[in-house]
Amino acid sequence: MAKLILFIVTQILLLAAVVSAGKGKNFAKTIDKKHFGLRKEKLTHFRVYWHDILSGSNPSSVVINPPISNSSFFGAVTVIDNRLTTEVAVNSTLVGQAQGIYTATGQRDSSALMVMNFAFKTGKYNGSTITILGRNAVLTKVREMPVIGGSGLFRFARGYVEARTMWFDLKSGDATVEYSCYVLHY
């Protein structure tokens, strides 16, 4: 019986120690950025062309939720896996994919919420990504959206992109957009 009481008391004390270890002032600590290989921050600029293809037998953009009315695109949700190339031509050198969604959010204007990753597939940045999240006023000549993060060589990324429509087909909805990207990263 004494062993059982000793065992129970030990378990209670151990549980109390574990619970109290998660509380208090020791929940966070400063880590030297060199521990993660972070040294001097760099600014990288690159330009890619984003090809949004809704038409044909193999579209790269698919509307998964149609608009709420025939007179507006408001409410439409589109999933994308768009080519990122080095030139305006869709068949130019592929450098990656833009993967994510965009949603028509403007009731009285043509604006969308863009949520996408640029996933690079070639060269120095192969396997790296940047994440873009922001408002895209699609009829504006130059749109600016924030870069909110990244992975691989773009780990801890921040910055912005400028989008410029290079080509748009009103009938099919297909478009090519130039993305000029300014990314701070380690």
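Residues numbered from 1 in each chain as written. Predicted model: local features only at pLDDT ≥ 70, side-chain atom pairs only at ≥ 80, totals over all residues. Heavy atoms only, no water.

A word on the pattern of salt bridges
Turning to step 1, where the next piece is worked out: Enumeration according to the criterion identifies five salt bridges in this entry.
Turning to step 2, where the next piece is worked out: For E178, the salt bridge is made with R47, and the minimal N-O distance between the two is 3.4 Å. Of the two residues, E178 is situated in strand β9 (residues 175-185) and R47 in strand β1 (residues 42-52); the sequence distance between them amounts to 131 residues.
Turning to step 3, where the next piece is worked out: For E178, a relative accessible area of 9% gives the class buried.
Turning to step 4, where the next piece is worked out: Between R164 and E178 there is a salt bridge, with its nearest N and O atoms 3.7 Å apart. With R164 in strand β8 (residues 158-168) and E178 in strand β9, this residue pair connects regions lying 14 residues apart in the sequence.
Turning to step 5, where the next piece is worked out: By sharing partners, the salt bridges in this structure join R47, E162, R164 and E178 into a single network. (Salt bridge = Lys/Arg side-chain N within 4 Å of Asp/Glu carboxyl O. Helix = DSSP H or I, 4+ residues; strand = E, 2+ residues; numbered from the N terminus. Buried < 20%, exposed > 50% of the residue type's maximum accessible area, 1.4 Å probe, protein only.)

Some details on the side chain of S180
Turning to step 1, where the next piece is worked out: Topologically, S180 is positioned in strand β9.
Turning to step 2, where the next piece is worked out: Looking at S180, the relative accessible area reads 2%, which means it is buried.
Turning to step 3, where the next piece is worked out: At 2.8 Å, the side chain of S180 forms a polar contact with the side chain of H45.
Turning to step 4, where the next piece is worked out: Once residues lying within four places of it in the same chain are set aside, the contact partners of S180 are H45, F46, R47, Y160, V161, E162 and R164. (Polar contact = N/O pair within 3.5 Å; in protein donor to acceptor, adjacent residues only side chain to side chain. Contact = heavy atoms within 4.5 Å.)

Some thoughts on the packing of aromatic side chains
Turning to step 1, where the next piece is worked out: Enumeration over the complete set of coordinates arrives at 10 aromatic pairs.
Turning to step 2, where the next piece is worked out: Aromatic side chains F120 and Y125 sit 6.5 Å apart centroid to centroid with 55 degrees between the ring planes, which places their arrangement in the tilted category.
Turning to step 3, where the next piece is worked out: Residue class for F120 comes out buried when judged on its relative accessible area of 8%.
Turning to step 4, where the next piece is worked out: Here F156 and Y186 contribute two aromatic rings whose centre-to-centre distance is 6.2 Å and whose plane-to-plane angle is 90 degrees, an arrangement assigned as edge-to-face. (Phe/Tyr/Trp six-rings, centres within 6.5 Å; stacked < 30°, edge-to-face > 60°.)

Quick notes on the nonpolar core
Turning to step 1, where the next piece is worked out: In terms of nonpolar packing, the biggest core is built from 25 residues, with W50, M116, F118, I130 and Y179 touching the most fellow members.
Turning to step 2, where the next piece is worked out: When contributions to this core are tallied by element, the ones reaching two or more residues are β1, β3 (77-85), β4 (94-104), β5 (111-120), β6 (129-137), β7 (143-151), β8 and β9.
Turning to step 3, where the next piece is worked out: Here this core takes five residues from β5, the largest share from any one element.
Turning to step 4, where the next piece is worked out: Once residues within four sequence positions are removed from consideration, M116 is found in contact with W50, I80, A98, Q99, G100, I130, T131, I132 and Y179. (Core = buried A, V, L, I, M, F, W, Y, C linked by side-chain atoms within 4.5 Å.)

As for a nonpolar patch on the surface
Turning to step 1, where the next piece is worked out: Residues V62, I64, V79, I101, L113, V115, L133 and I148 make up a contiguous nonpolar surface patch of roughly 590 Å² in combined accessible area.
Turning to step 2, where the next piece is worked out: If you list the elements that add at least two residues to the nonpolar patch, you get β2 (61-65) and β5.
Turning to step 3, where the next piece is worked out: As for its placement among the helices and strands, I101 is situated in strand β4. (Patch = residues over 30% accessible without salt bridge, like charges linked within 9 Å, V, L, I, M, F, W, Y side chains within 5 Å. Areas by Shrake-Rupley, 256 points an atom, 1.4 Å probe, with all protein chains shown as cover.)

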